Amino acid sequence: MSNPFVNPQAPFGETHGPMLTGTFAPIFEEFVLDAFDVEGEIPADLNGVYLRNGPNPRFEPNGKYHVFDGDGMLHAAHFDRGKVTYRNKWVRTAGWLEEDAVGGTDYWGIMSTLKGRTDRRLKDTANTDVIGHAGHALATWYLAGEPYHIDPITLETLGRGDYVFAPGKGISAHPKVDEITGDLMFFDYFHQAPHMSYGVVDAKGRLTHHTAIELPGPRLPHDMAVTEHYSILHDLPVYNDEEAYRAGRHKIRFNAALPTRFGVIPRFGAGQDIRWFEFSPCFLYHTINAWEEGDEVVMVACRYMPSKAADGSIDEVLTARRIATLGMNARLWRYRMNLKTGEAREECLDDACNVEFPGFDSARTGRKTRWGYVVDHDPDILRWTGIRKYDTDSGACAGAWSDGHESCWYSEPWFGPADNQRSEDHGYVVTFVWNDRSREQQLQVFDARDIGQGPVARVRIPHRIPPGFHACWMKPSQIAAAK
Ligand SMILES: [Fe+2]
């Protein structure tokens, strides 16, 4: 094993691909910091915690590395009456604890093995998503694993949710929490029929509903959405290449001959109650929010634009390769599904900007929202060069900011409400930013009503936070529920 401290920019050498070197290089220390150089003023009426998950491998990987393989590490900014405390900590997954005991790893990554193989085990890294539920934070993994409960302040791993069942025995990244009822809606997906399941966990963490969802074949969905009464599940034309799968390899296919389908199921409905709506073929990494309008279910999302060949047709091979490597090219999109007439409509809200990794006022999950906060995505690598606020009613950009598109790496922005929130965007947008040029790491806070004026506070953190995936905002009331 390489000594990770020899070269912090390439702790495992250069042999595992670009996602472990330079700005992507993992860090190996767990910090608790509360004294910072601050430019501007940390708002006293911003209280709660910004949590961000992401891959941070502790040991040199076996074989080729993919970002879904890196051990989940949470970075947190806890805001308390004008003060901020930063913490970072690995999620103590079962695999992490096992490796900790022996000082190394015998796990393999998704480029070298598959779920279910016993000769080369794949580790559930819990590195993809984080969301507040039942008083704790929940860390989850894209390939569907166990739900890890985390103390949102100390970042200690508290245990695992007991709501994973056969046949998949997992929970995918991107469960959704209805913050009004406290229900958490989740899905699982797996290679064998029926290929998907769906469940609801109540505000106390008890599984109250679980049902099988039949898909036409094994699929690789990524996200879901909820409204007040329904959940929206995704059947996307992306799946494992069957020949590679039988050979034990992970290779994905995009099939432009199949539609993209969204299934609307009552929150506590059985699998056969689901109603499928067909749309133009695409992949879809992330939804922003969904809600009900009369007979319609409306979902706003970042639609992954399939790559085109020279003759204008969809290049399936290139599309699959770009999805696999997170080479994002996405547009803000609105889908409408009419439960009375069965009509399905879709429209691009802004064709100009490649935007992804959205946040919004999560207190309004499943209810009509107007504002979404997204990142400008580098189309070639997992790098987010700025942040942007959208009016998702009109598709108009309502403010954008970057300290430099050439040098900056933003994290997923989330909205934290002001203490006396008077309107949907009365509050702040929080993000981490690493700047390659100045070699400086900041935590930035924006007035959500005016992103374009730049940060109202820049908190200088004395080490680089590697790029990651998803974030969330937890309010004091959500945290107090754990105590
Ligand atoms: Fe995601």
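Residues numbered from 1 in each chain as written. Predicted model: local features only at pLDDT ≥ 70, side-chain atom pairs only at ≥ 80, totals over all residues. Heavy atoms only, no water.

Draft legend 1. Region of the structure containing the overall build of the protein chain. Check the secondary structure of the protein chain and you find 4 helices and 33 strands. For the protein chain, whose C-alpha radius of gyration is 21 Å, the value lies close to the compact-globule estimate of 23 Å for 483 residues. Referenced to the eigenvectors of the C-alpha coordinate spread, the extents of the protein chain come out at roughly 55 × 55 × 50 Å. When each of the 483 residues of the protein chain is scored for burial, the buried share is 63%. Long-range contacts, defined as pairs at least 24 residues apart, comprise 60% of the intrachain contacts of the protein chain with a sequence gap of at least 6. Carbon and sulfur atoms provide 49% of the accessible area of the protein chain, an area that totals close to 17900 Å². (Helix = DSSP H or I, 4+ residues; strand = E, 2+ residues; numbered from the N terminus. Rg over C-alpha atoms; globule rule 2.2 N^0.38 Å. Buried < 20%, exposed > 50% of the residue type's maximum accessible area, 1.4 Å probe, protein only. Contact = heavy atoms within 4.5 Å. Areas by Shrake-Rupley, 256 points an atom, 1.4 Å probe, with all protein chains shown as cover.)

Draft legend 2. Structural detail: helix H1 (residues 94–102). Turning to H1, its buried residues are Gly95, Trp96 and Glu99. Down the axis of H1, the buried set is contained in an arc of 100 degrees. They therefore lie on one face. Where the residues of H1 are buried, they touch strand E5 (83–90). Where H1 ends, the next residue or the one after it, Gly103, has phi of about 75 degrees, a positive value. (Arc of directions from axis to C-beta.)

Draft legend 3. Region of interest: the nonpolar core. Formed by 78 residues in total, the largest nonpolar core has its most connected members in Ile232, Leu233, Phe262, Tyr335 and Met337. Those residues in contact with Phe262, other than ones at most four positions away along the chain, are Ile232, Leu233, His234, Leu236, Arg275, Trp276, Phe277, Phe279, Leu284, Met299, Tyr335 and Met337. The next biggest cluster of nonpolar side chains, apart from the first, holds 33 residues, and it includes Ile42, Leu332, Val355 and Ile465. (Core = buried A, V, L, I, M, F, W, Y, C linked by side-chain atoms within 4.5 Å.)

Draft legend 4. Molecular detail of the side chain of Asn56. In this fold, Asn56 is placed in the loop between strand E3 (48–52) and strand E4 (73–80). One polar contact links the side chain of Asn56 to the main-chain carbonyl oxygen of Ile27, over a distance of 2.6 Å. The contact partners of Asn56, leaving out residues within four places of it in the chain, are Pro26, Ile27, Gly70, Asp71, Met73, Trp90 and Pro466. (Polar contact = N/O pair within 3.5 Å; in protein donor to acceptor, adjacent residues only side chain to side chain.)

Draft legend 5. Structural context of the side chain of Asp350. Within the element layout of this structure, Asp350 appears in strand E23 (residues 344–350). Look at Asp350: it is buried, it has no salt bridge, and the nearest opposite charge is Arg388 at 6.0 Å. Once residues within four sequence positions are removed from consideration, Asp350 is found in contact with Arg331, Leu332, Tyr390 and Gly395. (Lys, Arg positive; Asp, Glu negative; His and termini not counted. Salt bridge = Lys/Arg side-chain N within 4 Å of Asp/Glu carboxyl O.)

Draft legend 6. Molecular detail of the coordination of the iron ion. Bound to the iron ion on the protein side are His174 (NE2), His222 (NE2), His286 (NE2) and His470 (NE2), at distances that span 2.0 to 2.1 Å. Viewed at the metal, the 4 donor atoms of the iron ion are separated by angles of 87 to 175 degrees, and the geometry they form is irregular. For His174, a relative accessible area of 5% translates into the label buried. (Donors = N, O, S within 2.8 Å, 3.2 Å for Na, K, Ca; no water. Tetrahedral: all angles 85-135°; square planar, octahedral: opposite > 155°, others 65-115°.)

Draft legend 7. Inspection of the pattern of salt bridges at higher detail. The full count for this structure, using the stated rule, is 39 salt bridges. A salt bridge links Asp376 to Arg388, with the shortest nitrogen-to-oxygen separation between them at 2.7 Å. Of the two residues, Asp376 is situated in strand E25 (residues 371–377) and Arg388 in strand E26 (residues 384–391); the sequence distance between them amounts to 12 residues. The exposure class of Asp376 is buried, given its relative accessible area of 8%. One continuous salt-bridge network, built from bridges that share partners, spans Asp37, Glu39, Asp403, Glu440, Arg458 and Arg460.

Draft legend 8. Structural detail: the packing of aromatic side chains. A full pass over the atoms with the stated rule returns 20 aromatic pairs. Judged by centre distance (5.9 Å) and plane angle (90 degrees), the ring pair of Phe12 and Phe28 falls under edge-to-face. Remark: Phe28 occurs in the segment before strand E1 (32–33) and Phe12 occurs in the segment before E1; sequence separation between them is 16 residues. Measuring from centroid to centroid gives 4.5 Å for Phe68 and Tyr142, while their planes differ by 55 degrees, and the two rings are tilted. One end of the pair, Phe68, is in the loop between E3 and E4; the other, Tyr142, is in the loop between strand E7 (136–140) and strand E8 (148–150), with 74 residues separating them in the sequence. Judged by relative accessible area, Tyr142 falls into the buried class, the value being 8%. Above the face of the Trp108 ring, Arg120 is positioned so that its terminal group lies 3.8 Å from the ring centre. (Phe/Tyr/Trp six-rings, centres within 6.5 Å; stacked < 30°, edge-to-face > 60°. Lys NZ or Arg CZ within 6 Å of the ring centre and 35° of its normal.)

Draft legend 9. Representation of the state of the cysteines within the structure. A complete count under the given rule lists 0 disulfides for this structure. Summary of cysteine pairing: Cys348 is not part of a disulfide, and the nearest cysteine sulfur, belonging to Cys353, is at 10 Å. For the unlinked cysteine Cys353, the closest cysteine sulfur is that of Cys397, found at 6.2 Å. Cys353 sits in the buried class, given a relative accessible area of 15%. (Disulfide = S-S within 2.5 Å.)

Draft legend 10. Unusual backbone geometry, seen in detail. A cis amide bond links Ala193 to the next residue, Pro194, at an omega of 5 degrees. Structurally, the position occupied by Pro194 is in the loop between strand E11 (184–189) and strand E12 (195–201). Of note, the phi angle at Ala134 is positive, near 55 degrees, even though the residue is not glycine. Non-glycine residue Arg439 carries a positive phi angle of around 55 degrees. You can see Arg439 is positioned in the loop between strand E30 (427–435) and strand E31 (440–447).

Draft legend 11. Geometry of helix H3 (residues 316–324). Among all positions of H3, only Thr319, Ala320, Arg322 and Ile323 are buried. One face of H3 carries all of its buried residues, which in axial projection span an arc of 165 degrees. Those residues of H3 that are exposed and angled more than 90 degrees off the buried face are Val317 and Arg321. Elements that come into contact with the buried residues of H3 comprise strand E16 (238–240), strand E17 (252–254), strand E20 (283–293) and strand E21 (296–304). Between the side-chain oxygen of the N-cap and the backbone nitrogen of Val317 there are 3.2 Å, and the N-cap of H3 in question is Asp315. Just downstream of H3, Leu326 is the residue with a positive phi angle, here 60 degrees.

Draft legend 12. Representation of the sheet that holds E7 within the structure. One open sheet accounts for 4 strands, arranged E6-E7-E8-E9; its pairing is antiparallel. Every other strand in the sheet has two partners, leaving strand E6 (129–133) and strand E9 (157–160) as the edge strands with one partner each. Strand-to-strand twist in this sheet, taken as the mean axis angle between neighbours without regard to direction, amounts to 30 degrees. (Pairing = 2+ DSSP bridges. Axes fitted to C-alpha atoms, helices over the stretch in contact; angles between N-to-C directions.)

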